[in-house]
Amino acid sequence: MNTKIITINDPAREEQSLQEAADVLRNGGLVVFPTETVYGLGGDATSADSSRKIYEAKGRPSDNPLIIHIAHPDDARRYAVTCPCYERLAKAFMPGPLTVILPRRDIIPTETTGGLDTVAVRCPSHPIAHALIQEAGVAIAAPSANRSGKPSPTCASHVIDDMDGRVDMILDGGECDIGLESTIVKIEDEDTITLLRPGAITYDALCMVVANVNVAAAVSERLGENERPLSPGMKYRHYAPDAPLVLLEGHPEDVLAYLEQEQNRIRCAILCYDEEINALSSASLHPVGKADDLASHARLLFRNLREADCSGPDVIYAHLPPKEGLGLALYNRMIRAAAHTIKHIPSR
Ligand code: AMP
Ligand code: MG
């Protein structure tokens, strides 16, 4: 398949390209588009065929459900059964990086939901995503636009690496702002939700809107052998670099001393804080931003993991993020990529 790649700088001025992309979607084709979280691999959410094509292009198991993307929070009613709790969440966080699991209406085929009677709904704020969904006139089912097993793409070149020749069109809208996939919540009752996947909408932010916020165990812990996850995607091994990723925990000075020592011993790639750059030798350093700038760590995580792996290191080191605020989303992605390998560096 020949993949058409179109750069869009200003969606308001590039209506023709967006119309072309929307036509591809309406005709059952696949279009990769940028969102504020990561790039999405989109198809018509109401078409079983389109959803099958998405799984095929990604190389993803078809029991792993897709998120459907809508142009306006109210459009959820067409595809799902909404409730006052949804309305409250939508008012607070949509458009934006929040996905809500709701009972599915029949217009959404089970191919899209991995056989479930629920559907995951999100209203992205990215202007290109918004314009594309609006133009298509239908919800767009879209998982992250990586090949299964690779980190989610946060720029068009990562999408091209994974998807060139496998999709009809790629819309290049530059770098994604947030860099981690959306927060996913399931509504249990009017006052209770369960956090299934942490993202830029934090636990604390959710608590401001809903009285009871449960956190699924799989968010920060390893799932037992025979445990069934609340969210099917949680059971899949997420991106693991070829080189083992080891997360370091300890006093910043001790961790830095350990990194200096390891650089002399083995070939290691390091996701380091900006403050550490001068102390370390420059080979295979991947700066993540200032130590306290979690938004920067999030934006650069998937890029850094892709790039760190490229140099073929013996090991990749990164700092264990805190579990608070946006840190929980980083923690969730990083412990998966590291297969839960955390090394505590003792004080000297
Ligand atoms: P991705 O599209 O790569 O961001 O992953 C989407 C994730 O959303 C899946 O892996 C599931 O874990 C989750 N998800 C989607 N739909 C549902 C649903 N109906 N119930 C529970 N989790 C869902
Ligand atoms: Mg994904």
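### Here we look at the overall build of the protein
- When you go through the protein residue by residue, the secondary structure sums to ten helices and 16 strands.
- The C-alpha radius of gyration computed for the protein amounts to 20 Å, which stays within 12% of the reference 20 Å derived for 348 residues, consistent with globular compactness.
- Projected onto its principal axes, the C-alpha positions of the protein cover 60 × 45 × 40 Å.
- Taken over 348 residues, the protein has a buried fraction of 56%.
- Summing over all exposed atoms, the protein offers an accessible surface of approximately 15,100 Å²; the carbon and sulfur share of this is 47%.
- Charged side chains in the protein number 34 positive and 48 negative. The centres of these two groups are separated by 4 Å.

### Observations regarding a negative patch on the surface
- On the surface, a cluster of negative charge is contributed by Asp274, Glu275, Asp292 and Asp293.
- Locating aspartate 274 in the fold gives a position in the loop between β13 (268–272) and β14 (285–287).

### A look at the packing of helix α1 (residues 15–26) against helix α5 (residues 127–136)
- For the pair α1 and α5, interaxial distance at closest approach is 8 Å and the crossing angle is 55 degrees. Relative to α5, the element α1 lies oblique. In terms of crossing hand, the pair formed by α1 and α5 is right-handed. Between α1 and α5, the contacting residues are Leu18, Gln19, Ala21, Ala22, Leu25 and Arg26 on the first element and Ile128, Ala131, Leu132, Glu135 and Ala136 on the second.
- Each residue belonging to the contact of α1 with α5 can be placed in one class, and the counts come to eight nonpolar, one polar and two charged.

### So, the pairing of strand β5 (residues 98–103)
- Of all the six residues making up β5, five are buried; the element is thus mostly covered by neighbouring parts of the structure.
- Where β5 and strand β9 (residues 183–189) come together, four bridges link them in parallel fashion. Note on β9: the bridge partner recorded for valine 100 is valine 185.
- When β5 meets strand β6 (residues 118–122), the two strands line up antiparallel, connected through five bridges. Within the sheet, the bridge partner assigned to valine 100 lies in β6 and is valine 121.

### Remarks on the sheet that holds strand β8 (residues 169–172)
- Judged by pairing direction, the sheet is mixed, and its eleven strands sit side by side in the order β1-β8-β2-β3-β7-β4-β6-β5-β9-β10-β11 without closing on themselves. For this open sheet the edge positions go to β1 (4–7) and β11 (212–215), each flanked by a neighbour on one side alone.
- Relative to the sheet, α1 contacts β1, β2 (31–33), β3 (40–44), β7 (140–141) and β8, its axis offset from that of β8 by approximately 145 degrees.

### Here's the deal with the nonpolar core
- Within the largest apolar cluster, 74 residues are counted, with the highest numbers of intra-cluster contacts made by Tyr86, Leu89, Leu132, Leu171 and Leu206.
- Top element by residues in this core is α5. It accounts for six residues.
- If near-sequence neighbours (up to four positions away) are discounted, leucine 171 is found in contact with Ile6, Ile8, Leu18, Ala21, Val31, Val32, Phe33, Pro34, Tyr39, Ile128 and Leu132.
- The next biggest cluster of nonpolar side chains, apart from the first, holds 27 residues, and it includes Leu245, Ala318, Met334 and Ala338.

### Some words on the sheet that holds strand β16 (residues 342–344)
- Strand order across the open sheet formed by five strands is β14-β13-β15-β12-β16, with parallel pairing between neighbours. A strand with exactly one partner marks an edge of an open sheet, and here the two such strands are β14 and β16. Sheet twist, expressed as the mean angle between neighbouring strand axes with direction ignored, is 25 degrees.
- Pairing analysis gives three bridges linking strand β12 (residues 245–249) to β16, with the strands arranged parallel. Bridging from a neighbouring strand, leucine 247 pairs with isoleucine 342 of β16.
- Packing of helix α8 (residues 252–265) onto the sheet brings it into contact with β12, β13, β14, β15 (315–319) and β16, and relative to β15 it is tilted by some 165 degrees.

### Section: α1
- Between its first and last C-alpha atoms α1 spans 16 Å; for twelve residues at 1.5 Å apiece the expected length is 16 Å, and the two agree.
- Inspection of α1 places Ser17, Leu18, Ala21, Ala22, Val24 and Leu25 among the buried residues, and these make up the whole buried set. Projected onto a plane normal to the axis of α1, the buried residues spread over an arc of 155 degrees and lie on a single side.
- Residues of α1 that are buried make contact with β1, β2, β3, α5, β7 and β8.
- The positive-phi residue at the C-terminal boundary of α1 is glycine 28, with phi of around 90 degrees.

### A few points about the environment of valine 288
- Assignment of secondary structure puts valine 288 in the loop between β14 and α9 (294–310).
- Aside from chain neighbours lying at most four places away, what touches valine 288 is Leu271, Cys272, Tyr273, Asp274, Ser296, His297, Leu300 and Asn304.

### A word on helix α4 (residues 84–93)
- Restricting attention to buried positions, one finds in α4 the residues Cys85, Tyr86, Leu89, Ala90 and Phe93. Seen end-on, α4 carries its buried residues on one side only, within an arc spanning 135 degrees. Across from the buried face of α4, at angles greater than 90 degrees, the exposed residues are Pro84 and Lys91.
- Each element contacted by the buried residues of α4 is listed here: α3 (76–79), β5, β9, β10 (192–197) and α7 (203–207).

### A look at the environment of tyrosine 79
- Along the chain, the position of tyrosine 79 falls in helix α3.
- Considered as a pair, tyrosine 79 and alanine 45 are 34 residues apart in the sequence and their alpha carbons are 9.4 Å apart.
- With residues near it in sequence (within four places) discarded, tyrosine 79 still touches Thr46, Ile68, Ile70, Pro103, Arg104, Arg105, Ile107, Ile108, Val119, Val138 and Ala139.

Reading guide: rules and limits
Residues numbered from 1 in each chain as written. Chains lettered and ligands numbered in written order. Predicted model: local features only at pLDDT ≥ 70, side-chain atom pairs only at ≥ 80, totals over all residues. Heavy atoms only, no water. Helix = DSSP H or I, 4+ residues; strand = E, 2+ residues; numbered from the N terminus. Rg over C-alpha atoms; globule rule 2.2 N^0.38 Å. Buried < 20%, exposed > 50% of the residue type's maximum accessible area, 1.4 Å probe, protein only. Areas by Shrake-Rupley, 256 points an atom, 1.4 Å probe, with all protein chains shown as cover. Lys, Arg positive; Asp, Glu negative; His and termini not counted. Charge placed at Lys NZ, Arg CZ, Asp CG, Glu CD. Patch = residues over 30% accessible without salt bridge, like charges linked within 9 Å, V, L, I, M, F, W, Y side chains within 5 Å. Salt bridge = Lys/Arg side-chain N within 4 Å of Asp/Glu carboxyl O. Axes fitted to C-alpha atoms, helices over the stretch in contact; angles between N-to-C directions. Parallel < 35°, antiparallel > 145°, perpendicular 65-115°, else oblique. Left-handed = near helix turned anticlockwise from the far one by under 90°. Contact = heavy atoms within 4.5 Å. Nonpolar A, V, L, I, M, F, W, Y, C, P; charged D, E, K, R; others polar. Pairing = 2+ DSSP bridges. Core = buried A, V, L, I, M, F, W, Y, C linked by side-chain atoms within 4.5 Å. Expected span 1.5 Å × (residues − 1). Arc of directions from axis to C-beta.

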